[in-house]
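Here is how the chains run, residue by residue.
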Amino acid sequence: MKNQWPLWEVFIRSQHGLAHRHVGSLHAPDATMAINNARDVYTRRNEGVSIWVVRSVDITASNPDDKAELFDPAQSKVYRHPTFFPMPEEVKGL
Amino acid sequence: MYAQMVDTGTPSSATIDAREARFQQRIDDGIRIEPQDWMPERYRKTLIRQISQHAHSEIVGQLPEGNWITRAPSLKRKAILLAKVQDEAGHGLYLYSAAETLGISRDQMVEDLHAGRAKYSSIFNYPTLTWADVGAIGWLVDGSAIMNQIPLCRCSYGPYARAMIRVCKEEAFHMRQGYDLMLALARGTAAQKAMAQDALNRWWWPSLMMFGPPDGDSVHSAQSQAWKIKLFTNDELRQKMVDQTVPQAEHLGLTIPDPDLKWNAERGHYDFGAIDWDEFYNVVKGNGPCNRERLETRRKAWDDGEWFRDALVAHAEKAAQRAAAKAA
Ligand SMILES: [Fe+2]
Ligand SMILES: [Fe+2]
């Protein structure tokens, strides 16, 4: 039970220039080893061109109990989407 | 399967409380459960057992095939096998990580395995006697694993489902390289073909046992199915495996070692002979051909690597101290 290595969350940017995406986690004694391990565990098939690792304890997550409070208000705001506005068919470029 | 006999615990009482009803509703609605969400203790414990058994199977599963890496017949086959075995290490890691989100530590799981308290799939307690066994394992064992794991990509627990998606993508390679190897042997000399047949003879029945006891004997199935952490019954998956594999064996020109195997037009499935469940339970209890050797090898790898793990920690600590001193 001694010396359990800290947990790291791994984020990979794929080839296509998209944002780094969370792919999983792993244990490593420090950031360098975390990157080395992430390379072996998560990029064996050209999955990425860049790796971020973050100590799991350094991540602050929203509380699932606050889900309604945080996200429900957006549901009633349909006008935030372009499809809310009917456009005259004959007018182009909208 | 990779988690063959997972105890789901005993339901607390007939009156499930409101929270648990809401939890079940969520599962019925197809909404994934995530680590921070409330979940019944039995669900958590069952999943820890199931996912850790699965992880242990991936790790121990490296050993039978690892046995052949240095003796592969060509550089190409060696590179393929090396990649396959490395994948299995990765599968173990994805799954350990998924189990850790449920509140068990990695060290605890490793200790449970090494102490003989945790189970892993019965299949990995059989020896790999010839090179053809590497082909038979990829074809039959990884083939069975895929059958079980594809539905698990839709299971109710988010981290497990996501791990399974990664695993399944890689398993397809494992099964194909195995079949490709069997093809090469089946098309080779008479001796090579005989070697392939011998491997099929030895791996066929243990592969069918992988799916676990018959439905009538698997007491925890109903609860796991309600929780959507088991999506098909053992017998359903086993039948699927037989139906899929028979034509593949025919294509190889190999004979499945079951005199009772016969197409049943009425059922639309193959009928197959009785499985020797005594053998299965005997292996699960620790008395298979390689149980002792597998655990010894795992323990030795862990003990022999201790100095290296400790050195990495010492280095990390020193580097952190140096950085702190510089900043001060
Ligand atoms: Fe695997
Ligand atoms: Fe595999």
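Residues numbered from 1 in each chain as written. Chains lettered and ligands numbered in written order. Predicted model: local features only at pLDDT ≥ 70, side-chain atom pairs only at ≥ 80, totals over all residues. Heavy atoms only, no water.

Residues Tyr43(B), Ile51(B), Trp139(B), Tyr157(B), Tyr160(B) and Trp203(B) are the most contacted members of the largest nonpolar core, which totals 96 residues. It is helix H7 (residues 158-186) of chain B that contributes the most residues to this core, 13 residues altogether. (Core = buried A, V, L, I, M, F, W, Y, C linked by side-chain atoms within 4.5 Å. Buried < 20%, exposed > 50% of the residue type's maximum accessible area, 1.4 Å probe, protein only. Helix = DSSP H or I, 4+ residues; strand = E, 2+ residues; numbered from the N terminus.)

Turning our attention to the coordination of the iron ion (ligand 1). Residue and element names in this part refer to chain B. The protein atoms donating to the iron ion (ligand 1) are Glu58 (OE), Glu88 (OE), His91 (ND1) and Glu171 (OE), with metal-donor distances spanning 2.1 to 2.2 Å. Geometry at the iron ion (ligand 1) is irregular, judged from the 4 donor atoms that bind it and their angles of 82 to 152° at the metal. Summarised as a motif, the one-chain spacing of the donors to the iron ion (ligand 1) is E-x29-E-x2-H-x79-E. A spacing of 3.2 Å is found between the iron ion (ligand 1) and the iron ion (ligand 2), which share Glu88 as a donor. Here Glu58 is found in helix H2 (residues 41-60), whereas its partner Glu88 is found in helix H4 (residues 75-100), with 30 residues between them in sequence. Note on Glu58: relative accessible area 1%, which makes it buried. (Donors = N, O, S within 2.8 Å, 3.2 Å for Na, K, Ca; no water. Tetrahedral: all angles 85-135°; square planar, octahedral: opposite > 155°, others 65-115°.)

Moving on to the pattern of salt bridges. Under the criterion given, the structure shown has 21 salt bridges over all chains. Salt-bridge contacts for Arg117(B) lead to Glu111(B); the nearest nitrogen and oxygen are separated by 3.6 Å. Taking relative accessible area as the criterion, Glu111(B) reaches 38% and is therefore assigned partly exposed. A salt bridge links Asp304(B) to Lys300(B); its shortest N-O distance comes to 2.6 Å. Linking Asp304(B) with Lys300(B), this pair stays in helix H12 (residues 291-304), spanning 4 residues, or about one helical turn. By relative accessible area, which is 52% here, Lys300(B) ends up exposed. A single salt-bridge network, built from bridges that share partners, covers Arg44(A), Arg45(A), Asp87(B) and Glu170(B). (Salt bridge = Lys/Arg side-chain N within 4 Å of Asp/Glu carboxyl O.)

Chain B puts 24 residues into the contact, and the matching count from chain A is 21 residues. In total, chain B and chain A occlude about 1,900 Å² of area from one another, counting both sides; carbon and sulfur atoms represent 51% of this. The largest share of the area that chain B buries against chain A comes from Asp107(B), Arg166(B) and Leu312(B), three residues that together contribute 25% of it. For Glu170(B), the salt bridge goes to Arg44(A), with nearest N and O atoms at 3.1 Å. Applying the counting rule to chain B against chain A returns 9 residue pairs in polar contact (both at pLDDT 80 or more). (Contact = heavy atoms within 4.5 Å. Buried area = accessible area lost by both parts, 1.4 Å probe. Polar contact = N/O pair within 3.5 Å; in protein donor to acceptor, adjacent residues only side chain to side chain.)

Here the focus is the coordination of the iron ion (ligand 2). All of the protein donors around the iron ion (ligand 2) are Glu88(B) (OE), Asp142(B) (OD), Glu171(B) (OE), Glu171(B) (OE) and His174(B) (ND1); their distances to the metal are 1.9 to 2.7 Å. Between consecutive donors of the iron ion (ligand 2), the numbers of intervening residues give the motif E-x53-D-x28-E-x2-H.

The next subject is the confidence of the model for chain B. Per-chain confidence: chain B averages 94 in pLDDT, with 96% of residues scoring 70 or above. Confidence estimates for the predicted assembly give a pTM of 0.91 and an ipTM of 0.84. (pLDDT = per-residue confidence, 0-100.)

All names here are of chain A. With respect to topology, 3 strands assemble into an open sheet ordered S2-S1-S3, the strand pairing being antiparallel. Two strands close off the open sheet at either side, each with one partner strand: strand S2 (21-27) and strand S3 (50-55). For this sheet the average axis-to-axis angle between neighbouring strands, irrespective of direction, equals 30°. Judged from the 6 bridges that link them, strand S1 (residues 7-13) and S2 form a sheet pairing that is antiparallel. Bridged to Trp8 within S2 is Leu26. Helix H1 (residues 31-42) contacts S1, S2 and S3 of the sheet and is inclined by roughly 115° relative to S2. (Pairing = 2+ DSSP bridges. Axes fitted to C-alpha atoms, helices over the stretch in contact; angles between N-to-C directions.)

Turning to unusual backbone geometry, a few remarks are in order. The residue Asn46(A) is not glycine, and still its phi comes out positive at about 55°. Overall, Asn46(A) belongs to the exposed group, its relative accessible area being 62%. Residues other than glycine seldom take positive phi values, yet Lys228(B) does so here, at roughly 55°. Topologically, Lys228(B) is positioned in the loop between helix H9 (221-226) and helix H10 (234-252).

Looking now at the side chain of Glu9(A). Note that Glu9(A) resides in strand S1. One buried charged residue, Glu9(A), forms no salt bridge at all, with the nearest opposite charge on Arg162(B) at 8.9 Å. Within polar-contact distance, the side chain of Glu9(A) engages the side chain of His22(A) at 2.6 Å. Beyond its immediate stretch of four places on either side in the chain, Glu9(A) contacts His22(A), Gly24(A), Ser25(A), Trp52(A), Val53(A), Val54(A), Ser56(A) and Ile59(A). (Lys, Arg positive; Asp, Glu negative; His and termini not counted.)

Overall, the coordinates contain 13 aromatic pairs over all chains when judged by the stated rule. A centroid spacing of 6.1 Å and a plane angle of 85° characterise the contact between Phe23(B) and Trp38(B), whose relative ring orientation is edge-to-face. Taken as a pair, Phe23(B) in helix H1 (residues 18-28) and Trp38(B) in the loop between H1 and H2 lie far apart in primary sequence, 15 residues in all. Look at Trp68(B) and Trp131(B): their rings are 6.3 Å apart centre to centre, the planes differ by 65°, and that puts the pair in the edge-to-face class. Remark: Trp131(B) occurs in the loop between helix H5 (106-114) and helix H6 (132-152) and Trp68(B) occurs in the loop between helix H3 (62-66) and H4; sequence separation between them is 63 residues. Following the ring pairs from residue to residue traces out a cluster consisting of Phe23(B), Trp38(B), Tyr43(B) and Trp227(B). If you follow Arg55(A) out to its NZ or CZ, it ends over the ring of Trp8(A), 5.8 Å from the centre. The cationic tip of Arg71(B) hangs over the ring face of Trp68(B); the distance from NZ or CZ to the ring centre is 4.0 Å. (Phe/Tyr/Trp six-rings, centres within 6.5 Å; stacked < 30°, edge-to-face > 60°. Lys NZ or Arg CZ within 6 Å of the ring centre and 35° of its normal.)

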